[in-house]
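Geometric and topological summary
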Amino acid sequence: MIASSRVVMGRFLLMTQGEQQSIPNQTLRPSALAIIDQIKAELESVCPNTVSCADILALAAREAIKQTNGSGFNIPTGRRDSLNFSNYATVLGNLPAPTSNSSHLLSSFSSKGLNAIDLVPLSGAHTIGLAHCSSFSDRLRPTVDPRLNATFAQSLVQTCPNSSINVAVNMDTVNPDTFDNKYYSNMMNGEVLFDSDAALLNDSLTQATVEEFAAENHDFHIQFSISFIKMSMIEVLTGNQGNIRKVCSVLNTNTRSTITTADSYVAPELDTPPSYSSM
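Glancing now at the packing of helix α12 (residues 204-215) against helix α13 (residues 217-232). Axis separation between α12 and α13 bottoms out at 5 Å; the angle between their running directions is 120 degrees. One finds that α12 runs oblique with respect to α13. In this structure, α12 contributes E212, F213 and A215 to the contact, and α13 contributes N217, D219, F220 and Q223. Considering only residue class, the contact of α12 with α13 consists of 3 nonpolar, 2 polar and 2 charged.

Per the counting criterion, the structure on display carries 2 disulfides. The disulfide that involves C53 links it to C248, with 2.2 Å between the sulfurs. On the sign convention where negative means left-handed, the S-S torsion of about -100 degrees between C53 and C248 marks this disulfide as left-handed. Linking C53 in helix α5 (residues 53-67) with C248 in the segment after α13, this pair joins segments that are 195 residues apart in sequence. Using a relative accessible area of 5% as the deciding quantity, one classes C248 as buried. Here C133 engages in a disulfide with C160; their sulfurs sit 2.0 Å apart.

This next bit is on the nonpolar core. In terms of nonpolar packing, the biggest core is built from 29 residues, with L122, Y184, M187, L200, F224 and F228 touching the most fellow members. Counting only elements with at least two residues in this core, the list comes to α5, α7 (102-110), α8 (116-123), α10 (182-188), α12 and α13. Grouped together as the second largest cluster of nonpolar side chains are 13 residues, A131, F152, A153 and L193 included.

Inspection of the entire model under this criterion finds 9 salt bridges. With a closest N to O distance of 3.1 Å, R139 and D145 form a salt bridge. What makes D145 buried here is its relative accessible area of 12%. Where R147 meets D195, a salt bridge forms, and the shortest distance between an N and an O atom there is 2.7 Å. Residue R147 is found in the loop between β1 (130-132) and α9 (150-159), and its partner D195 is found in helix α11 (residues 195-198); the two are separated by 48 residues along the sequence. A relative accessible area of 36% places R147 in the partly exposed class. Assessed through its relative accessible area of 12%, D195 is described here as buried.

So, about the packing of aromatic side chains. All chains considered together, the criterion is met by 9 aromatic pairs. Relative to F228, the ring of F73 lies with its centre 5.5 Å away and its plane at 65 degrees, an arrangement referred to as edge-to-face. Highlighted residues: F73 in the loop between α5 and α6 (88-94) and F228 in helix α13, separated in sequence by 155 residues. Geometrically, the ring pair formed by F179 and F220 is stacked, given 5.5 Å between the ring centres and 20 degrees between the ring planes. Of this pair, F179 sits in the loop between β2 (168-170) and α10 while F220 is found in helix α13, placing the two residues 41 residues apart along the sequence. Owing to a relative accessible area of 0%, F179 belongs among the buried residues under this scheme. A relative accessible area of 0% places F220 in the buried class. Among the aromatic residues, ring-to-ring pairing joins F73, F179, Y183, Y184, F213, F220, F224 and F228 into one connected group.

Within α9, the full set of buried residues consists of F152, A153 and L156. Here the buried residues of α9 occupy an arc of 100 degrees about the axis, which is enough to place them on one side. α9 presents A150, T151 and Q158 as exposed residues on the side facing more than 90 degrees away from its buried surface. Of the surrounding secondary structure, the elements contacted by the buried residues of α9 are β2. A side-chain oxygen of the first residue of α9 lies 2.9 Å from the backbone nitrogen of T151; this N-cap is N149.

Now for the environment of A150. Here A150 is to be found in helix α9. Through-space distance from the C-alpha of A150 to that of G190 is 8.5 Å; in sequence the pair is 40 residues apart.

Along the chain, N243 falls in the segment after α13. For the pair formed by N243 and C53, sequence separation is 190 residues and the distance between their alpha carbons is 9.8 Å.

Helical geometry: 3.6 residues make up each α-helical turn, so side chains three or four residues apart lie on a common side. The element α8 is extensively covered by neighbouring structure, given that 7 of its 8 residues are classed as buried. For α8, the full list of buried residues reads A116, D118, L119, V120, P121, L122 and S123. Looking at the buried side of α8, the elements it contacts are α7, α10, α12 and α13. In this structure N115 caps α8, since a side-chain oxygen of it lies 2.9 Å from the backbone nitrogen of I117.

Parameters at a glance
- Residues numbered from 1 in each chain as written.
- Predicted model: local features only at pLDDT ≥ 70, side-chain atom pairs only at ≥ 80, totals over all residues.
- Heavy atoms only, no water.
- Axes fitted to C-alpha atoms, helices over the stretch in contact; angles between N-to-C directions.
- Helix = DSSP H or I, 4+ residues; strand = E, 2+ residues; numbered from the N terminus.
- Parallel < 35°, antiparallel > 145°, perpendicular 65-115°, else oblique.
- Contact = heavy atoms within 4.5 Å.
- Nonpolar A, V, L, I, M, F, W, Y, C, P; charged D, E, K, R; others polar.
- Disulfide = S-S within 2.5 Å.
- Buried < 20%, exposed > 50% of the residue type's maximum accessible area, 1.4 Å probe, protein only.
- Core = buried A, V, L, I, M, F, W, Y, C linked by side-chain atoms within 4.5 Å.
- Salt bridge = Lys/Arg side-chain N within 4 Å of Asp/Glu carboxyl O.
- Phe/Tyr/Trp six-rings, centres within 6.5 Å; stacked < 30°, edge-to-face > 60°.
- Arc of directions from axis to C-beta.
- Polar contact = N/O pair within 3.5 Å; in protein donor to acceptor, adjacent residues only side chain to side chain.

Put into structure tokens, the structure is as follows:
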């Protein structure tokens, strides 16, 4: 399930029409993306024309979190799939880059109805997954970013010795396959990869939240659940909008299907969910 967590937990999936349009990350392995199509095929065999690919992505993300020692939580369902795929330019235009500073991060999240209290836990998804050298090489050359721990920086320089090397590095080098709060203590120790990670210490509100989550794993999991649900409901299609794809990686032949909606489908409860009164 680790591979699938790397498919579905990236911010791009749920922040920019990705939930409806199921757009792929071009750096993900085809074998990982195939997991989503496999889930869809199995669902279609027992419950055809009912569960959208958008719901599958959200539910698979929740399951990936659960199976990597995160918390289970309920997710509203009933999403529909888009009639089109997003294009590359649209995706990039709606996502903060790994070089983003705190102001840009907060502005980007605000444009999607998310706030600083959402930014910090959702960034914590970087506790699982990989990053290529090219996404953080600006912190190594021409000079090393002074915010980086010296030993950590040296290990990155050895892994990524020049611009032609673009290997993948665990975003959490301590507990790379565990969904926990280690990302935050790593950040405070100068051991995170992206500028956008380190930038969370440059704003007083996000810094305070980082410090809280570094100290309290439970608080991180509770707020992540709340913020994830908020994120999963950005710009969703429901009711008669869009359609339900037969194959997640392929658009339906007809522009609009007449198949059953998934509005009445409710995801099973895994654990006692947190209170959502603060949403």
